[in-house]
Amino acid sequence: MNVSVFPDVTKVTRPPSRVNVDTVLERIQSGDNGLAELIGKIRSADGNRELLKKQLGAVIFSGYCGNGVEKINRSTGNKYLSYRDDPSLTEHSGLCVIDLDHLDDVHKWFHHFRNDKHVYSCFVSPSGDGLKVLYRIPADIDMHRAYYRAILDELQGLGLRVDTTSINESRVCFISYDPDIHINKNAVEYEQFMVENESDNDDVAVKKGTGLTDFEKLSIAAKMIDGARDGHKHRT
C-alpha cells in the first residue's frame, strides 16, 4: 500500500515521494531524525502550533498522487501543476483517514479503535488531543467517498465529531509521533458504503450493504447521476 509523502506541505508542484505506508507508520513510531523533539515542541506550545506544524512532513494516506493538475495562481495569474488535488490521485492505497480533533478522552478512543478489525492504524495527532485513524477500505478511487460516508455515519452514531473535510481523496495529514501507535496489518476491509441521492426536495444518503460486485456499484452510481437534476450531477 503506497502513499504520497510531501516533505513540505506547501510545495505541491513536484510529484510526492511514493512510500509504503508501513514505512511512514514506522517513522511515526520511532520519531527519528528530530521528529519526536519537534512534536514535543508543538504539543507544549501556546500559540504558534500552526507555524511549527509546517515544519512537519505531510502524507496523503489515500494513495499515490502521480497526476499533475493544472491550476492558476490567484495572485500572479500564472499556471502551475499541483500534485495535491483530488484528481491527482492515480493509485489508491486501500486506506482512508479519519481525523478526530479535541477528543474528551484520547486514551479511551484509542483503545476503542485498536479493537476495531477494520482499523489498519491509529495514532495520536501532532497536537496531542486528537487521533488519526486509518481504515482499511477497498482500493477504489471512485468509491472512496462512499466508504468514507459509511464510516462517518457509524462514528457519528457513537457521538464522535469527525472532521468531514477528510472525505477528500487528497486529504493531507501532518506526520506525527506516537511510540504506542496501533498497527494491524491484518485489518479487514470495511465494505459498507453510502452514496448521495439528490431529489427535488432533499438530499438523502443511502447506505448499501456488503458483497456488491464492481459492476453493481457502478450501476448504482450511474442511476443516481442520471436521476439528479441538471446542475446537480456531481461525483459521489
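Everything here concerns the structure above.
How each quantity is defined
Residues numbered from 1 in each chain as written. Predicted model: local features only at pLDDT ≥ 70, side-chain atom pairs only at ≥ 80, totals over all residues. Heavy atoms only, no water. Buried < 20%, exposed > 50% of the residue type's maximum accessible area, 1.4 Å probe, protein only. Helix = DSSP H or I, 4+ residues; strand = E, 2+ residues; numbered from the N terminus. Arc of directions from axis to C-beta. Polar contact = N/O pair within 3.5 Å; in protein donor to acceptor, adjacent residues only side chain to side chain. Contact = heavy atoms within 4.5 Å. Phe/Tyr/Trp six-rings, centres within 6.5 Å; stacked < 30°, edge-to-face > 60°.

Peer 1: If you had to explain helix H1 (residues 21-30) to someone new, which residues and values would you point to?
Peer 2: Three or more residues of H1 are buried, namely Val 21, Asp 22, Val 24, Leu 25 and Ile 28. End-on, the buried residues of H1 take up no more than an arc of 155°, which puts them together on one face. Backbone nitrogen of Asp 22 and a side-chain oxygen of the N-cap are separated by 2.9 Å at the start of H1; the cap is Asn 20. A positive phi of about 65° marks Gly 31, the residue just after H1.

Peer 1: Run through helix H2 (residues 35-44), naming residues and quoting values.
Peer 2: Buried within H2 are the following residues: Leu 35, Leu 38, Ile 39 and Ile 42. Buried residues of H2, viewed axially, fall in a sector of 100°; they line one side. Residues of H2 that are exposed and point over 90 degrees away from its buried face: Glu 37, Lys 41 and Ser 44. Where H2 is buried, its residues contact H1 and helix H3 (49-53).

Peer 1: With reference to specific residues and values, describe the environment of Ser 82.
Peer 2: With respect to the element layout, Ser 82 can be found in strand S6 (residues 79-82). Along the chain, Ser 82 and Gly 68 lie 14 residues apart, while their C-alpha atoms are 5.2 Å from each other. Leave out the neighbours within four places in its chain, and Ser 82 touches Val 12, Asn 67, Gly 68, Val 69, Lys 71 and Ser 88. A polar contact of 3.2 Å, which involves the side chain of Ser 82, links it to the backbone nitrogen of Arg 84. Among the polar contacts made by the side chain of Ser 82, one reaches the side chain of Asp 85 at a distance of 2.6 Å.

Peer 1: How would you sum up the packing of aromatic side chains? Please name residues and give values.
Peer 2: Per the counting criterion, the structure on display carries four aromatic pairs. On the basis of an interplanar angle of 40° and a centroid distance of 6.4 Å, the ring pair of Trp 109 and Phe 113 is categorised as tilted. Placement of both Trp 109 and Phe 113 in helix H4 (residues 106-114) is noted, with a separation of four residues, approximately one turn of the helix. Given a relative accessible area of 10%, Trp 109 falls into the buried group. You can call Phe 113 buried: its relative accessible area is 0%. Taking 6.1 Å as the distance between ring centres and 85° as the angle between the ring planes, the aromatic pair formed by Tyr 135 and Tyr 190 counts as edge-to-face.

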